[in-house]
Protein chains: 2
Amino acid sequence: MLIRIDPTSSVAIYDQLAAAIRGGVAAGDIRAGQRLPPARELAASLGINVHTVLKAYAALRDEGLLHVRRGRGAVVTDVRPGEVELSRAVAELLAVGRRNGLSLTQIHHALDQGAES
Amino acid sequence: MLIRIDPTSSVAIYDQLAAAIRGGVAAGDIRAGQRLPPARELAASLGINVHTVLKAYAALRDEGLLHVRRGRGAVVTDVRPGEVELSRAVAELLAVGRRNGLSLTQIHHALDQGAES
DNA sequence: AAGGATTTGTACGTATGTATC
DNA sequence: TGATACATACGTACAAATCCT
């Protein structure tokens, strides 16, 4: 897939890149399980900085679209459309719960209470 | 409030700082509407880099704890996270799960799976 | 209204740590 | 052991939004 970056755009470069990758996945240009180019490589080919690529990767990881891990690279999540938002909602609840000092069991309990109402 | 950073800790500095601010808000040391020190200033007083402070501020903003805007600084949100934030995350997960045809049990299962990774 | 000061946002550069292969 | 690749942190510079005079 071809990614173009417009440095004159008011949209941030990392945002342009993230959008391009999102689109590539949605369009099927990038398949589930497929690994994206290493950040340094992609940065070099696009003429941008590694940080900028890593920031885009991190954003997509937070969305649940990518699995990004040290030494492994960025791999497109193997989930069906719709499951991305599910895993993101799961991740958010876990993050919020733990931030407030809740155990996994307590988070489950909160889920049950929320389901009653 | 006093913030201490342990550079030898395995916990990332920006994470330590974010946790310290969260704790300060929770403990009432920092009140709603109060403005945090400029990133550069706080960075200098803690002996860390501006980026590190900004990353902590951005994380807290994503959590909804802070309003961070150019020229204005970082202001503590008037709504206290906690129950409100938790119930919102619960509601979102339930909504997303049911939209995708999951039962409550299946949502619990998704939560467990998310907790593993 | 205009301009300067303040403050975060983004981007680039570089170095080191850590997990994976 | 070594190579690969992301994670974090520090440094610097400029842009953009806001505030104040």
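Because the structure is predicted, anything quoted here is derived from the model rather than measured.

Cut-off values and rules
The numbering scheme is per chain: residues are counted from 1 as the chain's sequence reads. Key to labels: chains lettered from A, ligands numbered from 1, both in the order written. This being a predicted model, a pLDDT of at least 70 is required before a residue's local features are given, and a value of 80 or more before pairs of side-chain atoms are given or counted; all residues contribute to the totals for chains, interfaces and linings. With hydrogens and water stripped out, all remaining heavy atoms of the structure feed into the side-chain values. Whether two residues touch is decided by their heavy atoms; if any such pair falls within 4.5 Å, the residues are in contact. Throughout, the accessible surface (probe 1.4 Å) given up by two parts as they are put together, summed over both, is called the buried area. Just to be clear on terms, a salt bridge is a Lys or Arg side-chain nitrogen sitting within 4 Å of an Asp or Glu carboxyl oxygen. Any pair of nitrogen or oxygen atoms within 3.5 Å is treated as a polar contact; in protein, a donor-acceptor pairing is required on top of that, and neighbouring residues in sequence qualify only through side-chain atoms on both sides. Only Asp, Glu, Lys and Arg are considered charged in this grouping, and only Ala, Val, Leu, Ile, Met, Phe, Trp, Tyr, Cys and Pro are considered nonpolar; every other residue, Gly among them, is considered polar. Residues are labelled near a given molecule or strand when at least one of their non-hydrogen atoms is within 4 Å of it. Any pair of Phe, Tyr and Trp rings, taking the six-membered ring for Trp, is counted once the centres come within 6.5 Å. Such a pair is stacked with planes under 30 degrees apart, edge-to-face with planes over 60 apart, and tilted for the rest. By definition, being over a ring means that NZ of Lys or CZ of Arg is both within 6 Å of the ring centre and within 35 degrees of the ring normal. When DSSP finds at least two bridges between two strands, those strands are taken to pair. In DSSP terms, a helix is any run of H or I states spanning at least four residues, a strand is any run of E spanning at least two, and both are numbered starting from the N terminus. In a helix, the anticipated span is given by 1.5 Å times the number of residues less one. For each residue, the accessible area found with a 1.4 Å probe, counting protein chains only, is set against the maximum for its type, and the residue is called buried under 20%, exposed over 50%, and partly exposed in between. To get an axis, fit a line to the C-alpha atoms, keeping to the stretch in contact for a helix; angles then go from 0 to 180 degrees between the N-to-C directions. An angle counts as roughly parallel when it lies under 35 degrees, as roughly antiparallel when it exceeds 145, as roughly perpendicular when it falls between 65 and 115, and as oblique in every other case. Left-handed is the label given to a crossing in which the near helix is rotated counterclockwise from the far helix by less than a right angle, and right-handed is the label when the rotation is clockwise.

*Asks:* Which residues make up the interface of chain A and chain B, and what values do they have?
*Replies:* Each partner contributes to the interface: chain A provides 22 residues, whereas chain B provides 25 residues. Contact between chain A and chain B buries roughly 2,200 Å² in total, counting both sides, with carbon and sulfur atoms accounting for 70%. When residues of chain A are sorted by the area they lose upon contact with chain B, L86, R99 and L111 of chain A head the list and together hold 26% of the total. At the surface where chain A touches chain B, the tally comes to one salt bridge. One salt bridge connects E92 of chain A with R88 of chain B, and the closest N-O pair in it is separated by 3.5 Å. Linking chain A to chain B there are three residue pairs in polar contact (both at pLDDT 80 or more). Counted by class, the side of chain A that touches chain B contains twelve nonpolar, five polar and five charged residues.

*Asks:* Account for the protein's contact with DNA strand C, naming residues and giving values.
*Replies:* Taken together, 24 residues lie around DNA strand C, and I13 and T52 of chain A together with R40, H51 and R70 of chain B are the ones closest in. Between DNA strand C and the protein, one listed contact pairs a base oxygen with a side-chain N or O atom of H51 of chain A at 2.7 Å. Contact between DNA strand C and R61 of chain B: a phosphate oxygen at 2.9 Å from a side-chain N or O atom of the residue. Counted by class, the surface near DNA strand C contains eight nonpolar, seven polar and nine charged residues.

*Asks:* Give a description of the packing of aromatic side chains that names residues and reports values.
*Replies:* Tallied over the full model, the rule gives zero aromatic pairs over all chains. The residue whose ring lies beneath K55 of chain A is Y14 of chain A, and the NZ or CZ to ring-centre distance is 4.5 Å.

*Asks:* Can you break down the pairing of strand 1 (residues 66-69) of chain A residue by residue, with the values?
*Replies:* All names here are of chain A. Sheet analysis places strand 1 next to strand 2 (residues 73-76), joined by four bridges and oriented antiparallel. Residue R69 lies in a different strand from strand 2, and its bridge partner there is G73. Between strand 1 and strand 2, which pair antiparallel in sequence order, lie three residues; one of them, G71, sits at a positive phi of approximately 75°.

*Asks:* Any chance you could break down the protein's contact with DNA strand D for me, citing the residues and the numbers?
*Replies:* With respect to spatial proximity, 25 residues lie near DNA strand D, and among them H51 of chain A together with I13, H51, T52 and R69 of chain B are the closest. Taken together, the sugar and phosphate atoms account for 75% of what DNA strand D places within 4 Å of the protein. Contact between DNA strand D and R40 of chain A: a base nitrogen at 3.5 Å from a side-chain N or O atom of the residue. Looking at the surface near DNA strand D, the elements with two or more residues in it are helix 2 (39-46), helix 3 (50-63) and strand 1 of chain A together with helix 1 (13-27) and helix 3 (50-63) of chain B.

*Asks:* If you had to explain helix 4 (residues 83-99) of chain B to someone new, which residues and values would you point to?
*Replies:* All names here are of chain B. Helix length check: helix 4 (17 residues) gives 24 Å between terminal C-alpha atoms against 24 Å at 1.5 Å per residue, within 8%. When helix 4 is considered as a whole, its buried residues turn out to be E85, L86, A89, V90, L93, L94, V96 and G97. Of the residues one or two after helix 4, G101 is the one with positive phi, at around 75°.

*Asks:* Tell me about the packing of helix 2 of chain A against helix 3 of chain A, and please be specific about residues and values.
*Replies:* Residue and element names in this part refer to chain A. Direction vectors running N to C along helix 2 and helix 3 enclose 120°, while the axes themselves pass 8 Å from each other. The pairing of helix 2 with helix 3 is recorded here as oblique in orientation. Relative to helix 3, the crossing made by helix 2 is right-handed. Of the residues in helix 3, those touching helix 2 at A39, R40, L42 and A43 are V50, V53, L54 and Y57.

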